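Chain residues, written in single-letter form:
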Amino acid sequence: MSESYSDAHLREILQRTKVIAVVGVSMNEVRPSYYVARYLDLKGYKVIPVNPGHAGKTLFGETVRATLSDIKEPVDMVDIFRRSEHVPPIVDEALEAFPELQTIWMQIGVESPEAAEKARARGVDVIMNRCPKIEYQRLFGELRMGGFNTGVISSKL
């Protein structure tokens, strides 16, 4: 069962967000977690990569952190690239680490109604089973059919 989110709500989240911690980011350029994080970085968001297997390395000009608790600055959104069963402790850590957290965003295929309920009870917006890159492109006019920006201007689809 997938939740539905209004375009206005998604647009508001993407416009107010400045700092995104991406949990489960890969150093491999062909992995979705890498290119989604890179895209968000290129769009002007500050992306803080989180992956214990790559802690200490540099990605998008930021040091990869082992855990959310290793981030000492405010974070607006936590974007989760982990399987659904790993989400509850990540959300618990996010709520503990970031008192001003605005959004928990779970990637396509990732859902945790229990964790979502806990975050919402703290006043945090939760988006599940969506990709911020795809939503950004769709809402701000960059998306072509198939989900790819071809870079080619065409009068037909």
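Structure: above.
Remember, it's a predicted structure, so these values are computed and weren't measured experimentally. Residue numbering note: each chain is counted from 1, following its sequence as written. Restriction of local features to residues with pLDDT of at least 70 applies here, the model being predicted, together with a cutoff of 80 or more for giving and counting side-chain atom pairs; totals for whole chains, interfaces and linings are based on all residues. The side-chain quantities take in all heavy atoms of the structure and omit both hydrogens and water.

### What to know about helix 2 (residues 32-42)
Right, on to step 1. The cut-offs for exposure are 20% and 50% of the maximum accessible area for each residue type, with area from a 1.4 Å probe on protein chains only; residues under the lower value are buried, those over the upper are exposed, and the others partly exposed. In DSSP terms, a helix is any run of H or I states spanning at least four residues, a strand is any run of E spanning at least two, and both are numbered starting from the N terminus. Taken residue by residue, helix 2 has Ser33, Tyr34, Val36, Ala37, Tyr39 and Leu40 as its buried positions.
Right, on to step 2. Here, two residues are considered to be in contact whenever any of their heavy atoms come within 4.5 Å of each other. Contact partners of the buried residues in helix 2: strand 1 (19-23), strand 2 (46-50), strand 3 (58-59), strand 5 (77-80) and helix 5 (132-139).
Right, on to step 3. Of the residues one or two after helix 2, Gly44 is the one with positive phi, at around 100°.

### As for the sheet that holds strand 7 (residues 125-127)
Right, on to step 1. At least two bridges found by DSSP between two strands is the condition for calling them paired. Spatial strand order, 2-1-5-6-7: 5 strands in an open sheet with parallel pairing. Each edge of the open sheet carries a strand with a single partner, namely strand 2 and strand 7. Within the sheet, the average angular offset between the axes of one strand and its neighbour, ignoring direction, is 15°.
Right, on to step 2. Relative to strand 2, strand 1 is paired through 5 bridges, and the arrangement is parallel. Only the stretch in contact is used when fitting a helix axis, every axis being a line fitted to C-alpha atoms; angles between N-to-C directions are given from 0 to 180 degrees.

### Some details on the pattern of salt bridges
Right, on to step 1. By definition, a salt bridge exists where a carboxyl oxygen of Asp or Glu is found within 4 Å of a side-chain nitrogen of Lys or Arg. The final tally for this structure, using the stated rule, is 12 salt bridges.
Right, on to step 2. Between Arg16 and Glu12 there is a salt bridge; the shortest N-O distance is 3.2 Å. Of the two residues, Arg16 and Glu12 both sit in helix 1 (residues 7-16), 4 residues apart, roughly one turn of that helix.
Right, on to step 3. Here Glu85 and Arg83 are joined by a salt bridge, their closest N and O atoms 2.8 Å apart. With respect to burial, Glu85 and Arg83 carry one shared label: exposed.
Right, on to step 4. Ionic contacts of the salt-bridge type, sharing partners, join the residues Asp7, Arg130, Glu135 and Arg138 into one network.

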